[in-house]
Amino acid sequence: MTALIGGVIAVVLGLIGIIGWWSEFIDLLQGAVPILLLLGGALAVYLGSEELKDKRRAELEAAQAPFAPSTAGGDDEVEKYKSEVAELKAKLEAMENSEAEPSEEEEKTE
């Protein structure tokens, strides 16, 4: 409740001050607006340049992503490829053994 009363008093005093010192208020605005525009413009330029830097950095990372090693699911993929290599080695050994040992039909013809 005290904040409400204090707010009403501040609004009334502010209105009286603006009416009583209108020319000084305009002088203050004339001095403050250009400075605020300069500071706001400088801030906008800075933020815009940072946004461009971030966009370029993201584009570079996206361009390099296909060449970067992936760490997601790395252990599962490694195990999958190890088991696949082991299967292929076993098949290769079986094929080599079947070529080394003559089949029954080849023995009958000799």
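Residues numbered from 1 in each chain as written. Predicted model: local features only at pLDDT ≥ 70, side-chain atom pairs only at ≥ 80, totals over all residues. Heavy atoms only, no water.

(A) Broad picture of the pattern of salt bridges. Enumeration according to the criterion identifies two salt bridges in this entry. With a closest N to O distance of 3.7 Å, K53 and E50 form a salt bridge. Here K53 pairs with E50, and both are found in helix α2 (residues 22–64), just three residues apart, close to one helical turn. For K53, a relative accessible area of 43% corresponds to the partly exposed category. Measuring nitrogen to oxygen at the nearest pair gives 3.0 Å for the salt bridge that ties R57 to D54. Placement of both R57 and D54 in helix α2 is noted, with a separation of three residues, approximately one turn of the helix. For D54, a relative accessible area of 40% corresponds to the partly exposed category. (Salt bridge = Lys/Arg side-chain N within 4 Å of Asp/Glu carboxyl O. Helix = DSSP H or I, 4+ residues; strand = E, 2+ residues; numbered from the N terminus. Buried < 20%, exposed > 50% of the residue type's maximum accessible area, 1.4 Å probe, protein only.)

(B) Representation of the confidence of the model for the chain in the model. Looking at the chain as a whole, its pLDDT mean stands at 87, while 85% of the residues score no less than 70. Helix α1 (residues 2–20) holds the highest mean pLDDT among the elements of the chain, 95, whereas helix α4 (residues 104–109) holds the lowest, 57. (pLDDT = per-residue confidence, 0-100.)

(C) Focus on a nonpolar patch on the surface. A contiguous nonpolar surface patch, about 840 Å² in accessible area, is contributed by M1, L4, I5, V8, I9, V12, L13 and I16. One can find V12 in helix α1. (Patch = residues over 30% accessible without salt bridge, like charges linked within 9 Å, V, L, I, M, F, W, Y side chains within 5 Å. Areas by Shrake-Rupley, 256 points an atom, 1.4 Å probe, with all protein chains shown as cover.)

(D) The arrangement of α1 in detail. Its 19 residues place the ends of α1 27 Å apart at the C-alpha level, agreeing with the 27 Å of an ideal helix rising 1.5 Å per residue. Sparse coverage of α1 is indicated by the burial of one of its 19 residues. (Expected span 1.5 Å × (residues − 1).)

(E) A negative patch on the surface, seen in detail. On the surface, D75, D76, E77 and E79 cluster together into a patch of negative charge. With respect to the helices and strands, D75 occurs in helix α3 (residues 74–100). (Lys, Arg positive; Asp, Glu negative; His and termini not counted. Charge placed at Lys NZ, Arg CZ, Asp CG, Glu CD.)

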